[in-house]
Amino acid sequence: MQNNKSEYTLESVTFNRYSSFISSIEKSPIDPHYSFSTKAIHSGQSIDSVHGAINTPIYLSTTYAQKEPGSLYSSYDYSRCGNPTRTAFDECMAALEHAKHGLSFGSGCAALTCVCLCLTARDHIICCDDVYGGTQRYLREIATKRCNISVDFVDLTDLDSVEKARTPATRLLIIETPTNPTMKICDIEKLCLWAKKHNILSLVDNTFASPYLQSPLLLGADICMNSCTKYIGGHCDVIMGTLTLNDTELRDKLFFVQKSFGGIPSPFECYLALRGIKTLKLRMEEHCKNAQIMAEYLNTHEKIEKVLYPGLKSHPGHDIARKQMRGFGGMISIYVKGDLDAVKRLCKSLRIFVCAESLGGVESLIQVPAIMTHASVPIEVRKKIGIEDNLVRISMGIESIEDLLKDMEDGLAMV
Ligand SMILES: *Cc1c(COP(=O)(O)O)cnc(C)c1O
């Protein structure tokens, strides 16, 4: 899986490093050689054949007339099983993730649940240790306790511990990179190669990077998962998730599970996600630029103990990030010098950054994982992976960087 030539610039996302793979992917109504934004704006989104509307209509109908019993007008019969607005988004996501198939869900959690529901009792999962809090909750509380699936949470930056965790029952490897909230970088290509060798399905949660910055399927992953709630929707107004993949048999299995458990998105959400994704490239470039500047500023600030951002040369995952990402993303975590109260003072005194969970929207957000997003993670696990009380996670928005720097400077003066 050889990224021959590495064209590492944000401005020209020519995907040169992956060109041999792209040409091997058939399908997609839009020429697969088109660049990212062309696909984001057009893939799956043909002109409406009835009125010529250039935006995909929101098909609210739950059911579809049949010409005679068993004979459909197109492929739709009941909206849980398929909906034209959803299909448009599925196809657009598939195109952007270099996949043959896309499946959308009512949330990122529902997308991940769908994959886990393809396993059977006594199967084993290896999962990244500082995986998203909701993913941990599902695996610890539902998969383990109710479905009799065992899970090992492992530091995926250390391939030896991954190999040690493997059992004959291991079926699924869940990779998240960059990780949340400690911004570790896992080597997707290496991990997926290892998984393939042992016949283990590999899934990459691509939420932090988005398809604009990272293409897990081209790096060997079997399934790519995105919480569209974040960068893809991009405006903090839609909860949705997707799976993209190339294996048709696996797609059919996932689709069967999806229509059985029913975690689908509404047509309106599909529309919002389609609307958001059209500007993903523009937004991601701004997120990356703002984050790099902010990370460098914080890195020299006397009130900051440590900055976790893969774009800093000092970050242990910097080289791998350079290799597998086209930019370092908009998420920064920092250890503030001080205790929980100091951190709370910082969050309260900021005027542009909003203190809130979630990420990936145009607005800058700040939060304290230990008492917010990761409060449900057992305390001993939190300590082990570095989610201390003074850890603060920042989602850099696309406001003017001058204003954001000033706001941060004023806020840190209160720490
Ligand atoms: C938010 C998030 C999820 C879950 O997505 P929802 O859409 O909130 O269900 C999964 N993984 C990561 C990395 C996330 O940030």
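Heads up: the structure comes first, above all this text.
These lines cover the structure that appears in this document, whether it is placed above or below. Not measured: the values here are computed from a predicted model.

Procedures and definitions
Residues numbered from 1 in each chain as written. Predicted model: local features only at pLDDT ≥ 70, side-chain atom pairs only at ≥ 80, totals over all residues. Heavy atoms only, no water. Helix = DSSP H or I, 4+ residues; strand = E, 2+ residues; numbered from the N terminus. Contact = heavy atoms within 4.5 Å. Areas by Shrake-Rupley, 256 points an atom, 1.4 Å probe, with all protein chains shown as cover. Lys, Arg positive; Asp, Glu negative; His and termini not counted. Charge placed at Lys NZ, Arg CZ, Asp CG, Glu CD. Core = buried A, V, L, I, M, F, W, Y, C linked by side-chain atoms within 4.5 Å. Buried < 20%, exposed > 50% of the residue type's maximum accessible area, 1.4 Å probe, protein only. Pairing = 2+ DSSP bridges. Salt bridge = Lys/Arg side-chain N within 4 Å of Asp/Glu carboxyl O. Near = heavy atom within 4 Å. Polar contact = N/O pair within 3.5 Å; in protein donor to acceptor, adjacent residues only side chain to side chain. Axes fitted to C-alpha atoms, helices over the stretch in contact; angles between N-to-C directions. Parallel < 35°, antiparallel > 145°, perpendicular 65-115°, else oblique. Left-handed = near helix turned anticlockwise from the far one by under 90°. Nonpolar A, V, L, I, M, F, W, Y, C, P; charged D, E, K, R; others polar. Bend = angle between axes of the 7 residues up to and from the residue.

## Details of the overall build of the protein chain
Point 1. The helix and strand tally for the protein chain stands at 15 helices and 14 strands.
Point 2. When its C-alpha atoms are laid out on the principal axes, the protein chain stretches across 70 × 50 × 40 Å.
Point 3. Long-range pairs, those at least 24 residues apart, make up 71% of the contacts in the protein chain between residues at least 6 apart in sequence.
Point 4. Only carbon and sulfur atoms are counted for the fraction: they give 54% of the accessible area of the protein chain, which is about 17400 Å².
Point 5. Taking the average place of the 45 positive charges on the side chains of the protein chain and the average place of its 48 negative ones, the gap between the two points comes to 3 Å.

## Considerations on the nonpolar core
Point 1. If you look at the biggest cluster of nonpolar residues, it comprises 66 residues, and the most contacted ones within it are Phe89, Ile332 and Ile394.
Point 2. Ranked by residue count, the leading element in this core is helix 11 (residues 280-299), at 7 residues.
Point 3. Beyond its immediate chain neighbours, meaning those up to four positions away, Ile394 contacts Leu298, Gly330, Met331, Ile332, Ile334, Phe353, Leu365, Ile366 and Met408.
Point 4. Grouped together as the second largest cluster of nonpolar side chains are 52 residues, Val115, Phe153, Val154 and Cys224 included.

## Quick notes on the sheet that holds strand 10 (residues 304-308)
Point 1. Across the sheet, 5 strands lie side by side as 10-11-14-13-12; this open sheet has mixed pairing. For this open sheet the edge positions go to strand 10 and strand 12 (354-355), each flanked by a neighbour on one side alone.
Point 2. As paired strands, strand 10 and strand 11 (residues 331-336) are joined by 4 bridges and run antiparallel to one another. The residue bridging Lys306 from the neighbouring strand is Tyr335, located in strand 11.

## A short note on the pattern of salt bridges
Point 1. This model, assessed by the stated rule, comprises 12 salt bridges.
Point 2. Put simply, Arg171 and Asp123 hold a salt bridge, and the shortest N to O gap is 3.6 Å. Taken as a pair, Arg171 in strand 6 (residues 170-176) and Asp123 in the loop between helix 4 (108-116) and strand 4 (124-128) lie far apart in primary sequence, 48 residues in all.
Point 3. The salt bridge involving Arg166 is made with Glu163; its shortest N-O contact spans 2.9 Å.
Point 4. The partly exposed category is assigned to Arg166, whose relative accessible area is 32%.
Point 5. For Glu163, a relative accessible area of 32% gives the class partly exposed.
Point 6. Here the salt bridges do not stand alone but share partners, grouping Asp129, Asp155 and Lys184 into one network.

## Regarding the pairing of strand 4
Point 1. Most of strand 4 sits inside the fold, with 5 of its 5 residues counted as buried.
Point 2. Bridge analysis of strand 4 against strand 5 (residues 150-154) gives 5 bridges, and the strand direction is parallel. In the strand pairing of strand 5, Ile126 is matched with Asp152.

## Some points on the site of the ligand
Point 1. Close to the ligand lie 14 residues, the nearest being Gly108, Cys109, Asp205, Thr229 and Lys230.
Point 2. Note that an oxygen atom of the ligand is positioned 2.9 Å from one of the side-chain N or O atoms of Ser227.
Point 3. Protein burial of the ligand: of its 380 Å² of free accessible surface, 95% is covered by the chains.
Point 4. Contributing elements (two or more residues each) for the shell around the ligand: helix 4 and strand 8 (223-227).

## Overview of the packing of helix 11 against helix 15 (residues 401-413)
Point 1. Between helix 11 and helix 15, whose axes approach to 10 Å, the crossing angle comes to 30 degrees. Of the possible angle classes, the one that applies to helix 11 and helix 15 is roughly parallel. Of the two possible hands of crossing, helix 11 and helix 15 adopt the one that is right-handed. Contacts between helix 11 and helix 15 involve Asn290, Ile293, Met294, Tyr297 and Leu298 on the former and, on the latter, Ile401, Leu404, Leu405, Met408, Glu409 and Leu412.
Point 2. When its residues are assigned to classes, the contact of helix 11 with helix 15 shows 9 nonpolar, 1 polar and 1 charged.

## Points about helix 5 (residues 133-147)
Point 1. Where helix 5 bends most, at Leu139, the angle is about 30 degrees.
Point 2. Every buried residue belonging to helix 5 is among Gly133, Gly134, Thr135, Gln136, Tyr138, Leu139 and Ala143, and all of these are buried.
Point 3. Those residues of helix 5 hidden inside the fold are in contact with helix 4, strand 4, strand 5, strand 6 and helix 14 (379-385).
Point 4. Just downstream of helix 5, Asn148 is the residue with a positive phi angle, here 55 degrees.

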